[in-house]
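Structural overview for review
Chain by chain, the residues:
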Amino acid sequence: MFARRASWDLEPSDFARRALARRARGDLIDLTLSNPPAAGLSAASAALAQLLPALADHPRVRSYEPDPRGDPDARGAIAALHARSGARLSADDVLLCAGTSEGYAQLFRVLADPGDALHVPTPGYPLFEHLAELEGLEVRRYALAPPQAAGSARWRIDLDGLARSLDSRSRALLLIHPHNPTGSCVDPEDLAALRALALRRGLALISDEVFLDPAAANSALSALCGAGDGALHFALSGASKQLALPQLKIAWIAAAGPEGLRREA
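To keep things clear, this report deals only with the structure shown in the data block. (Residues numbered from 1 in each chain as written. Predicted model: local features only at pLDDT ≥ 70, side-chain atom pairs only at ≥ 80, totals over all residues. Heavy atoms only, no water.)

Notes on helix α1 (residues 14-25)
An ideal rise of 1.5 Å per residue puts 16 Å on 12 residues; α1 measures up with 17 Å between its terminal C-alpha atoms. The positive-phi residue at the C-terminal boundary of α1 is G26, with phi of around 80 degrees. (Helix = DSSP H or I, 4+ residues; strand = E, 2+ residues; numbered from the N terminus. Expected span 1.5 Å × (residues − 1).)

Remarks on the packing of aromatic side chains
Counted by the stated rule, this structure contains three aromatic pairs. Arranged with centres 5.8 Å apart and planes meeting at 45 degrees, the rings of Y104 and F108 form a pair that is tilted. Here the residue Y104 and the residue F108 both occupy positions in helix α4 (residues 100-111), the gap between them amounting to four residues, near one helical turn. Pair check on accessibility: Y104 and F108 agree, each one buried. Ring centres of Y125 and F128 lie 6.4 Å apart, and the angle between their planes is 70 degrees; this geometry places the pair in the edge-to-face category. (Phe/Tyr/Trp six-rings, centres within 6.5 Å; stacked < 30°, edge-to-face > 60°. Buried < 20%, exposed > 50% of the residue type's maximum accessible area, 1.4 Å probe, protein only.)

Looking at the pattern of salt bridges
Pairing is possible between side chains that carry opposite charge, provided their charged atoms lie close to one another. Counted according to the given criterion, the structure contains 19 salt bridges. Where D30 meets R23, a salt bridge forms, and the shortest distance between an N and an O atom there is 3.3 Å. Using a relative accessible area of 32% as the deciding quantity, one classes D30 as partly exposed. Overall, the relative accessible area of 47% leaves R23 in the partly exposed class. For E138, the salt bridge goes to R140, with nearest N and O atoms at 3.1 Å. One connected set of salt bridges, linked through shared partners, spans D67, R69, R75 and D92. (Salt bridge = Lys/Arg side-chain N within 4 Å of Asp/Glu carboxyl O.)

Considering the nonpolar core
Across soluble globular proteins, nonpolar side chains have a tendency to be buried as a group. Y104, L107, F108, L111, L174, I206 and F234 are the most contacted members of the largest nonpolar core, which totals 23 residues. Every element with two or more residues in this core is listed here: α4, β2 (117-122), α5 (127-134), β5 (170-176), β6 (204-208), β7 (233-238) and β8 (251-256). Discounting chain neighbours no more than four positions away, the residues touching L174 are Y104, F108, H119, V120, P121, F128, Y142 and I206. Within the second largest apolar cluster, 16 residues are counted, among which are L162, L175, L191 and L205. (Core = buried A, V, L, I, M, F, W, Y, C linked by side-chain atoms within 4.5 Å. Contact = heavy atoms within 4.5 Å.)

Some points on the packing of α4 against α5
Where α4 contacts α5, the two axes come as close as 10 Å, and the packing angle between them is 45 degrees. As judged from the angle between their axes, α4 and α5 are oblique. Between α4 and α5 lies a crossing of right-handed hand. Seen from α4, the contacting residues are S101, Y104 and F108; seen from α5, they are L127, F128, L131 and A132. (Axes fitted to C-alpha atoms, helices over the stretch in contact; angles between N-to-C directions. Parallel < 35°, antiparallel > 145°, perpendicular 65-115°, else oblique. Left-handed = near helix turned anticlockwise from the far one by under 90°.)

Some details on the environment of S34
Of note, S34 is situated in the loop between α1 and α2 (43-56). Residue S34 is classed as exposed on the basis of its relative accessible area of 64%. Through-space distance from the C-alpha of S34 to that of A256 is 30 Å; in sequence the pair is 222 residues apart.

Focus: the sheet that holds strand β3 (residues 138-145)
Working definition: the strands of a sheet are paired by backbone hydrogen bonds and lie parallel or antiparallel to each other. Here we have eight strands laid out as an open sheet, ordered β1-β8-β7-β6-β5-β2-β3-β4, and mixed in their pairing. At either end of the open sheet lies a strand with only one pairing partner, and these are β1 (94-97) and β4 (156-157). Taken together, the five bridges between β5 and β6 define a ladder with parallel strand orientation. Along β6, the bridge assignment pairs L174 with I206. (Pairing = 2+ DSSP bridges.)

Details of unusual backbone geometry
Omega for the bond connecting T122 with P123 falls within 30 degrees of zero, at 5 degrees, which places this linkage in the cis form. You can see P123 is positioned in the loop between β2 and α5. Following H177, the chain continues into P178 via a peptide bond in cis, with omega recorded as -5 degrees. The backbone of A244 sits at a positive phi, close to 55 degrees, despite the residue not being glycine. Relative to the assigned elements, A244 resides in the loop between α8 (239-242) and β8. On the basis of relative accessibility, which here comes to 30%, the residue A244 falls in the partly exposed class.

Description of helix α3 (residues 72-83)
With 12 residues, α3 should cover 16 Å at 1.5 Å per step; its first-to-last C-alpha distance of 16 Å lies within 8% of that length. The set of residues buried in α3 consists of R75, I78, A79 and H82. On an axial view of α3, the arc spanned by its buried residues comes to 100 degrees, and they lie on one face. Capping the start of α3 is the job of one residue whose side-chain oxygen sits 3.0 Å from the backbone nitrogen of D73: D71. (Arc of directions from axis to C-beta. Polar contact = N/O pair within 3.5 Å; in protein donor to acceptor, adjacent residues only side chain to side chain.)

Below, the structure is given as structure tokens:
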């Protein structure tokens, strides 16, 4: 009686069962732990607790003036944060959402129809397949090659393989910057090639930048913000990673590229 697009195999793998058993016995050290409170990093939570009473007393909280894109002051503050990296964003270029997963779902619905294709890096975070399948999209993987030179930390994109995988159903290229799980940022030459490829083929770029300071000079979004040409580019980030508060599910989509396409999106 349920949709086929959500008919995933939810049985835990043998590895997951063994890890769960060891965790229950208390003899598992999880080096992949990324939850600050679970790791004993509680300073951010304490700061949030101090701020909440003042927030509850703020005049804006006692009124209801909804905006479908999110609170204008909050969007303006996010635009100003990105501006520290050189990005020319305005509040109109920012949309608030309840976590980046919701942001992905919104973008997938705006950019693609069921049956269209989304291109994602591999190795990669498995969340994107689930989100894409819920929107009826096909996921196509493009390869990342591990660092070749001694002392290099860059994983490089197989640009030729990616180009060969594109066809009339391709709608968007997804990049993770810095990447999860490798920790590598997209090489500047690869980013330039992706932008040129997206512009030539009429594709959108989506960059997941949740692990990057929006004020960082190497933001994948910053070079295009405010530009009247180039590919349509969306960057996702959120307060949970920036403030080490995973319980604070406020995220945003920032848009760059041609003004007409940004406004329509």
